[in-house]
Amino acid sequence: MVCRLCESKEIATRYHLPSLDVLQCRQCGLIFIGGQAVASSLADRYTDTYYEERSAYYYQNCVVDPEGGVEHGTIKDFRHGLEIINSLKQPGRILDVGCAMGIFPAMAGREGWQVYGVDVSDFAIEFAKKHFEGEYHSGYLRDVRFPDRFFDVVTLWDSLEHFENPLEELLEIRRILKDDGILLFDTPNADSLMRYVAHWIYRLSGGTIHYPVRKLYHVYHLYYFSAETVTRLLERAGFRVQRLERKTIPLVKARAGKMEKLLVRGLSWLERAFKREYELFILAVREDSAS
Ligand SMILES: [Zn+2]
């Protein structure tokens, strides 16, 4: 096995869990999932079952009423992203990779953007096509074959960690992004306080208490980036980080019961205090851009 960030073959097991192993590159520190867990193709994972199990996250997105002020955490993240985009760019072409049911493209479309979405899930893309304006493709980004330098903006909302090969995806994004284009995305932070707490519970119990780790590392997230590893990945793909923020998890995303959500809320407060929040929020530009 080779690290997909630095190509080192020195890979260690970080957590040995009943259903999967969490691995880490000894050279660059990249954390990723290994073994049988990653054998099934991406398209097979994101069927209707995936969306229905996460219905609070995905379907509530669809019924929010921005004009009426009804918004949950994910929508707030999308709005924050749109504000940044609108402060930097006049509306042009925007692509959301891993667009799921098309909520972010729909929001961008309402603000004058010409929107495109790609997702491996046929189920999600059918939903987007039925409900929203825009051009939606199901399958892999590379198979759509967008022209070179086509987009002003590309977004990845909680997608990078789902890709089988993030470097290849970023290289394709760089190809289709204009010279002065921007890439905006969020991804879980491998250095968050919640992960740190789960890590030490696992270590101090000799691996016997693995519930917290299991909640934070699962088969859908194939990679876990820190600010350092994601910066290195972007550089390898020909991007440079222009802005990096850390954000706590919107509670709607936490796959947890009532008591656990309360705990997540408390830990999120601590994460803010220690500046080790759950998610990284990054604005990157092509490394050859003038800005
Ligand atoms: Zn590595």
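Residues numbered from 1 in each chain as written. Predicted model: local features only at pLDDT ≥ 70, side-chain atom pairs only at ≥ 80, totals over all residues. Heavy atoms only, no water.

> What exactly am I supposed to notice about the packing of helix H4 (residues 73–88) against helix H5 (residues 103–110) here?
A pair of packed helices can be characterised by two numbers: the angle between their axes and the separation between those axes. Packing of H4 against H5 brings their axes to within 10 Å, and their N-to-C directions diverge by 45 degrees. Here H4 lies oblique to H5, going by the angle between them. Where H4 crosses over H5, the two elements pack in a sense that is right-handed. Where H4 abuts H5, its residues Ile75, Phe78, Arg79, Leu82 and Ile85 lie against Ile103, Phe104, Met107 and Ala108. Residue composition of the contact of H4 with H5, by class: eight nonpolar, no polar and one charged. (Axes fitted to C-alpha atoms, helices over the stretch in contact; angles between N-to-C directions. Helix = DSSP H or I, 4+ residues; strand = E, 2+ residues; numbered from the N terminus. Parallel < 35°, antiparallel > 145°, perpendicular 65-115°, else oblique. Left-handed = near helix turned anticlockwise from the far one by under 90°. Contact = heavy atoms within 4.5 Å. Nonpolar A, V, L, I, M, F, W, Y, C, P; charged D, E, K, R; others polar.)

> Is there a simple way to think about the sheet that holds strand E1 (residues 11–16) in this case?
Strands sit in the order E1-E2-E3-E9 across an open sheet of four strands; the sheet is antiparallel. The open sheet has two free edges, formed respectively by E1 and strand E9 (223–224), since each of these has just one partner strand. As paired strands, strand E2 (residues 21–25) and strand E3 (residues 31–34) are joined by four bridges and run antiparallel to one another. Each bridged residue has a counterpart across the sheet, and for aspartate 21 the counterpart in E3 is glycine 34. (Pairing = 2+ DSSP bridges.)

> Could you clarify how one ought to interpret helix H12 (residues 258–274) in this entry?
Spacing of three or four residues puts side chains on the same side of an α-helix, whose turn is 3.6 residues. Helix length check: H12, at 17 residues, gives a terminal C-alpha distance of 24 Å against a target of 24 Å (1.5 Å per residue), a fit within 8%. Those residues of H12 not exposed but buried are Val264, Leu267, Ser268 and Glu271. Angular distribution of buried residues about the axis of H12 spans 115 degrees; they occupy a single face of the element. Exposed and facing more than 90 degrees away from the buried side of H12 are Lys258, Met259, Leu262, Leu263, Arg265, Trp269 and Ala273. (Expected span 1.5 Å × (residues − 1). Buried < 20%, exposed > 50% of the residue type's maximum accessible area, 1.4 Å probe, protein only. Arc of directions from axis to C-beta.)

> Explain the pairing of strand E4 (residues 93–97) here, please?
If a strand is regular, its side chains alternate between the two faces of the sheet. With respect to burial, E4 is a largely interior element, four of its five residues being buried. Pairing analysis gives five bridges linking E4 to strand E5 (residues 114–119), with the strands arranged parallel. Bridging across to E5, isoleucine 94 finds its partner in valine 115. Between the parallel elements E4 and E5, the chain passes through H5 in a crossover that is right-handed. Note: E4 against strand E7 (residues 151–157), three bridges, orientation parallel. Across the sheet, the residue bridging to isoleucine 94 is valine 153, located in E7. (Right-handed = clockwise from strand over helix to strand, strands pointing away.)

> How do you make sense of the pattern of salt bridges when you look at a structure like this?
Between side chains of opposite charge, a pair can form as their charged atoms come close. Counted under the stated rule, the structure contains 14 salt bridges. Linking aspartate 180 and lysine 89 is a salt bridge whose minimum nitrogen-to-oxygen distance equals 3.6 Å. Of this pair, aspartate 180 sits in strand E8 (residues 177–188) while lysine 89 sits in the loop between H4 and E4, and the two are 91 residues apart along the sequence. Among the salt bridges present, the one from arginine 149 reaches aspartate 179, with a minimum N-O distance of 2.7 Å. In this pair, arginine 149 is assigned in the loop between helix H7 (141–144) and E7 and aspartate 179 in strand E8, connecting sequence segments 30 residues apart. Among the residues examined, arginine 149 registers a relative accessible area of 43% and is labelled partly exposed. Residue aspartate 179 is classed as partly exposed on the basis of its relative accessible area, which comes to 38%. (Salt bridge = Lys/Arg side-chain N within 4 Å of Asp/Glu carboxyl O.)

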